[in-house]
Amino acid sequence: MKVAAYAAESAGAPLAPTTINRSEVGPNDVLIDIAFSGICHSDIHQAREEWFTSIFPMVPGHEIAGTVAAVGSNVTRFAVGDRVGVGVFVDSCGECGNCRKDLGNYCIKGFVPTYNGRHYDGTPAYGGYCRQIVVNQGYVLRIPDGLSLEEAAPLLCAGITTYSPLREWGAGPGKKVAIVGLGGLGHMGVKHAHAMGADVTLISHSPGKRDDGLRLGADHFLLMTDKDAMKAARGTFDLIVNAVSASIDIDNLMSLLATDGTLVCVGLPDKPLSVSTFTLVMQRLRLAGSNIGGMGQTQEMLDFCAANGYGSDVEVIRADQINEAWERVVNSDVRYRFVIDASTI
Ligand code: NAP
Ligand code: ZN
């Protein structure tokens with residue numbers, strides 16, 4: 001089946017309109033008419049080969065929201081017209097210890113990413129910057145009624161990537177939690193941590209984001225470049241979630257942790273981070289990482305957002321504005337997720 005899409009033909013090339021081939025709808029598949037597709041900084045890292053060698057042409061996009069247009073003969077979980085979403089992976093082995101524990105995001109065989117990867121049969125995976133996608137029903141999420149499709153799309157990556165570590169490390173009442181970087185991930189981290197009942201601090205390198213941070217649910221704002229304020233905050237946080245897309249001073253962040261505190265990295269800068277072992281040792285600190293979340297937890301997160309009355313703060317754009325939007329993301333000038341109106345592709 002031919003589908004209109006936006007693709008990068010080679011590393012660093014601007015995105016341009018094209019047509020891709022999608023597989024036909026198999027017995028276990030759902031055909032989705034995409035309504036909105038979020039722009040994640042990972043799209044940019046990968047299309048510019050900032051992480052590793054990528055597969056081209058690349059149709060990025062792993063924050064997909066739309067409606068079911070057709071279902072295969074074995075599909076029981078979805079019907080035509082349902083509001084659904086697709087996130088960062090579209091298959092996993094289903095058999096390893098992690099897959100059996102709803103940790104397909106840590107599949108030992110390696111999950112099939114929504115784009116810039118290959119299905120287990122070797123065909124390239126194309127993402128959400130297009131009009132339609134075909135996905136196995138096991139990798140499709142239900143979008144609750146209380147959320148619009150545009151505010152739901154970014155939850156499929158930015159939402160779950162911040163929700164999962166906040167749950168894993170127990171964000172909640174009585175916990176002092178800091179979120180670093182108010183971008184797509186960070187603004188969801190602030191909203192989730194607030195909804196979970198934690199005392200939330202936004203740490204940002206942009207003084208102009210103070211008011212937005214407080215409006216989104218932060219109780220406090222800490223400017224990363226304010227040395228006095230950073231010094232005064234030392235030893236105070238139980239949990240810090242670092243959602244920054246660039247390499248920053250990790251020792252500086254870890255010094256803000258209380259004894260036994262944890263810094264979780266979700267941001268994936270192109271360069272390795274360095275940390276002094278003294279920083280770790282002197283207060284029994286923990287440095288951790290976290291990668292999106294399992295399917296069950298992603299559905300839990302969508303339901304949690306709907307129950308608490310929030311989605312993502314989005315700026316809807318036309319497909320011909322994608323390249324401009326990417327530049328704004330790189331310049332930390334997104335408030336707080338660009339979402340492509342797929343009808344303009
Ligand atoms: P984004 O919207 O660009 O947000 C990143 C934020 O980091 C910026 O808004 C900015 O916040 C801060 N920042 C950027 N450059 C900085 C610098 N030089 N110094 C200090 N702060 C800086 O990106 P995103 O889509 O949220 O993604 C963030 C990172 O997470 C990316 O690396 C992405 O690839 C990664 N990611 C990881 C996962 C996972 O599962 N682990 C999933 C999705 C994305 P302030 O202006 O507030 O400082
Ligand atoms: Zn993403």
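Residues numbered from 1 in each chain as written. Chains lettered and ligands numbered in written order. Predicted model: local features only at pLDDT ≥ 70, side-chain atom pairs only at ≥ 80, totals over all residues. Heavy atoms only, no water.

Q: Tell me about the packing of helix H4 (residues 158-168) against helix H10 (residues 295-307), and name the residues and values.
A: The geometry of H4 relative to H10 is characterised by a closest axis approach of 10 Å and an angle of 100° between their N-to-C directions. Here H4 lies roughly perpendicular to H10, going by the angle between them. Here Gly-159, Ile-160, Tyr-163, Ser-164 and Arg-167 of H4 lie close against H10, whose contacting residues are Gln-297, Thr-298, Glu-300, Met-301 and Phe-304. Looking at the contact of H4 with H10, its residues break down into four nonpolar, four polar and two charged. (Axes fitted to C-alpha atoms, helices over the stretch in contact; angles between N-to-C directions. Helix = DSSP H or I, 4+ residues; strand = E, 2+ residues; numbered from the N terminus. Parallel < 35°, antiparallel > 145°, perpendicular 65-115°, else oblique. Contact = heavy atoms within 4.5 Å. Nonpolar A, V, L, I, M, F, W, Y, C, P; charged D, E, K, R; others polar.)

Q: Describe the site of ligand 1, listing the residues and the values that go with them.
A: Around ligand 1, the surrounding shell holds 31 residues, and the nearest of these are Leu-182, Ser-204, His-205, Ser-206 and Arg-337. Between an oxygen atom of ligand 1 and a side-chain N or O atom of Asn-291, the distance comes to 3.0 Å. Within the backbone of Ile-292, a nitrogen or oxygen atom sits 2.8 Å from an oxygen atom of ligand 1. Alone, ligand 1 offers 920 Å² of accessible surface; in the complex the protein occludes 92% of this. For the shell around ligand 1, the element with the highest residue contribution is helix H1 (residues 41-47), accounting for three residues. In terms of residue class, the shell around ligand 1 is built from 14 nonpolar, 15 polar and two charged. (Near = heavy atom within 4 Å. Polar contact = N/O pair within 3.5 Å; in protein donor to acceptor, adjacent residues only side chain to side chain. Areas by Shrake-Rupley, 256 points an atom, 1.4 Å probe, with all protein chains shown as cover.)

Q: Explain the nonpolar core to me, using residue names and the numbers behind them.
A: Ile-39, Tyr-129, Leu-166 and Ile-322 are the most contacted members of the largest nonpolar core, which has 90 residues in total. Top contributing element to this core by residue count: H10, with five residues. Both domains that furnish three or more residues to this core are identified here as domain 1 (2-157 + 293-344) and domain 2 (159-289). Counting 18 residues, the second-largest nonpolar core is a separate cluster that includes Ile-250, Leu-256, Leu-263 and Leu-285. (Core = buried A, V, L, I, M, F, W, Y, C linked by side-chain atoms within 4.5 Å. Buried < 20%, exposed > 50% of the residue type's maximum accessible area, 1.4 Å probe, protein only. Domains from an automatic or database assignment.)

Q: So, the coordination of the zinc ion (ligand 2): which residues are in play, and what are the values?
A: Donor atoms from the polypeptide that bind the zinc ion (ligand 2) are Cys-40 (SG), His-62 (NE2) and Cys-157 (SG), placed at 2.0 to 2.2 Å. Coordination of the zinc ion (ligand 2) draws on donor residues from a single chain, spaced C-x21-H-x94-C in sequence. One end of the pair, Cys-40, is in the loop between strand E3 (29-38) and H1; the other, His-62, is in the loop between H1 and strand E4 (64-71), and 22 residues separate them in sequence. (Donors = N, O, S within 2.8 Å, 3.2 Å for Na, K, Ca; no water.)

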